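For reference, the chains in residue letters:
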Amino acid sequence: MQPTNLQKDKLDLIDKILHTEDQNTLDFLKDYLNDEPLQYQLSEEQKNIVRENTENYLSGKDKGKSWKEVKAKLLSKRNG
């Protein structure tokens, strides 16, 4: 028998899955639970953006952002 909290967590997750309408979420969960490797690949353009941003950060051209700045930007996108 499993601990009560584990059972509750499983039931809560099942309920969320049953009520989701997002196909991407379901596809992700299916791949993850089937132990299949995710098929996502970055495009060359995306790889170049990552390389450029990494070079800028390592060279000191870009100092990065604090968690507070990142969080504020994400919240502003979500709310507006």
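All values reported here derive from a predicted model rather than from experimental measurement.

Now for the overall build of the chain. Helix and strand content of the chain: four helices and zero strands. Listing the helices and strands of the chain from first to last along the sequence gives α-α-α-α. The C-alpha radius of gyration of the chain comes to 19 Å, more than 25% above the 12 Å expected for a compact globule of 80 residues. The C-alpha extent of the chain, read off along each of the three principal axes, is 55 × 30 × 30 Å. Across the 80 residues that make up the chain, the buried fraction comes to 0%.

This next bit is on the confidence of the model for the chain. On average, residues of the chain score 87 in pLDDT, and 91% of them reach the 70 mark or higher. When mean pLDDT is compared element by element in the chain, helix α3 (residues 44-59) scores highest at 93, while helix α2 (residues 23-33) scores lowest at 87.

On the surface, Leu-11, Ile-14 and Leu-18 cluster together to form a nonpolar patch covering roughly 320 Å² of accessible area. By secondary structure assignment, the location of Ile-14 is in helix α1 (residues 4-19). Given a relative accessible area of 45%, Ile-14 falls into the partly exposed group.

What counts, and at which threshold
- Residues numbered from 1 in each chain as written.
- Predicted model: local features only at pLDDT ≥ 70, side-chain atom pairs only at ≥ 80, totals over all residues.
- Heavy atoms only, no water.
- Helix = DSSP H or I, 4+ residues; strand = E, 2+ residues; numbered from the N terminus.
- Rg over C-alpha atoms; globule rule 2.2 N^0.38 Å.
- Buried < 20%, exposed > 50% of the residue type's maximum accessible area, 1.4 Å probe, protein only.
- pLDDT = per-residue confidence, 0-100.
- Patch = residues over 30% accessible without salt bridge, like charges linked within 9 Å, V, L, I, M, F, W, Y side chains within 5 Å.
- Areas by Shrake-Rupley, 256 points an atom, 1.4 Å probe, with all protein chains shown as cover.
- Salt bridge = Lys/Arg side-chain N within 4 Å of Asp/Glu carboxyl O.

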